[in-house]
Amino acid sequence: QVQLVESGGGLVQPGGSLRLSCAASGNIFSIYLMAWHRQAPGKQRELLASISYGGNTNYADSVKGRFTISRDNAKNTVSLQMNSLKPEDTAVYYCNAQISSAWGTPSDDYWGQGTQVTVSS
């Protein structure tokens, strides 16, 4: 059993910052790609940023230069530093990870429960 638990969401004013964290726990052998997604009401889920085990990152154009993804492989965590937040960043944010539970087994896709981020004055 593997769990991803997000924290750090909340209400912030436009131009402000928030840091989201996600911790993976349970039967973990290795964590491959980790990522953050978001889903606003009435919209499709959007991939924001991803990071490989070795630290290679990719960002959606909508957050490039404002958001920074990072991970701590020793702690099985991934974070998203969000700066210069805009009202259109309001959404539920989800972490996602590809995790294998044993040597030689394929990875499965796991999701956190989501954390609400609201950007409003």
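In case you missed it, the structure is sitting above this.
What this report covers is the structure whose coordinates are included nearby. (Residues numbered from 1 in each chain as written. Predicted model: local features only at pLDDT ≥ 70, side-chain atom pairs only at ≥ 80, totals over all residues. Heavy atoms only, no water.)

## Some details on the state of the cysteines
In step 1: As enumerated under the stated definition, the model contains 1 disulfide in all.
In step 2: Between the sulfur atoms of Cys22 and its disulfide partner Cys95 the distance amounts to 1.9 Å. On the sign convention where negative is left-handed, the bridge of Cys22 and Cys95, at about 45° about the S-S bond, is right-handed. Of this pair, Cys22 sits in strand E3 (residues 18-26) while Cys95 sits in strand E9 (residues 91-100), placing them 73 residues apart in sequence. Across the pair, exposure class does not vary: Cys22 and Cys95 are buried alike. (Disulfide = S-S within 2.5 Å. Helix = DSSP H or I, 4+ residues; strand = E, 2+ residues; numbered from the N terminus. Buried < 20%, exposed > 50% of the residue type's maximum accessible area, 1.4 Å probe, protein only.)

## A closer look at the packing of aromatic side chains
In step 1: In this structure the tally under the stated criterion is 1 aromatic pair.
In step 2: A ring pair is formed by Phe29 and Trp103, whose centres lie 6.0 Å apart and whose planes are at 75°; its orientation type is edge-to-face. Note that Phe29 is positioned in the loop between E3 and strand E4 (30-39) and Trp103 in the loop between E9 and strand E10 (108-111), a separation of 74 residues in sequence.
In step 3: For Trp103, a relative accessible area of 73% gives the class exposed.
In step 4: Its guanidinium or amino end placed over the ring of Tyr94, Arg45 lies 3.9 Å from that ring's centre, counting from NZ or CZ.
In step 5: It is Arg45 that lies over the ring of Trp111; its NZ or CZ is 4.7 Å from the centre. (Phe/Tyr/Trp six-rings, centres within 6.5 Å; stacked < 30°, edge-to-face > 60°. Lys NZ or Arg CZ within 6 Å of the ring centre and 35° of its normal.)

## Thoughts on the nonpolar core
In step 1: Counting 29 residues, the largest nonpolar core has Trp36, Phe67, Val78, Leu80, Met82 and Tyr93 as its most contacted members.
In step 2: Looking at this core, the elements that each hand over two or more residues are strand E1 (2-7), E3, E4, strand E5 (46-51), strand E7 (67-72), strand E8 (77-82), E9 and strand E11 (115-119).
In step 3: Top element by residues in this core is E9. It accounts for 5 residues.
In step 4: Among residues more than four places away in sequence, those in contact with Tyr93 are Glu6, Leu20, His37, Arg38, Leu48, Phe67, Leu80, Met82, Gly114, Thr115 and Val117. (Core = buried A, V, L, I, M, F, W, Y, C linked by side-chain atoms within 4.5 Å. Contact = heavy atoms within 4.5 Å.)

These figures come from the coordinates and say nothing about function on their own.
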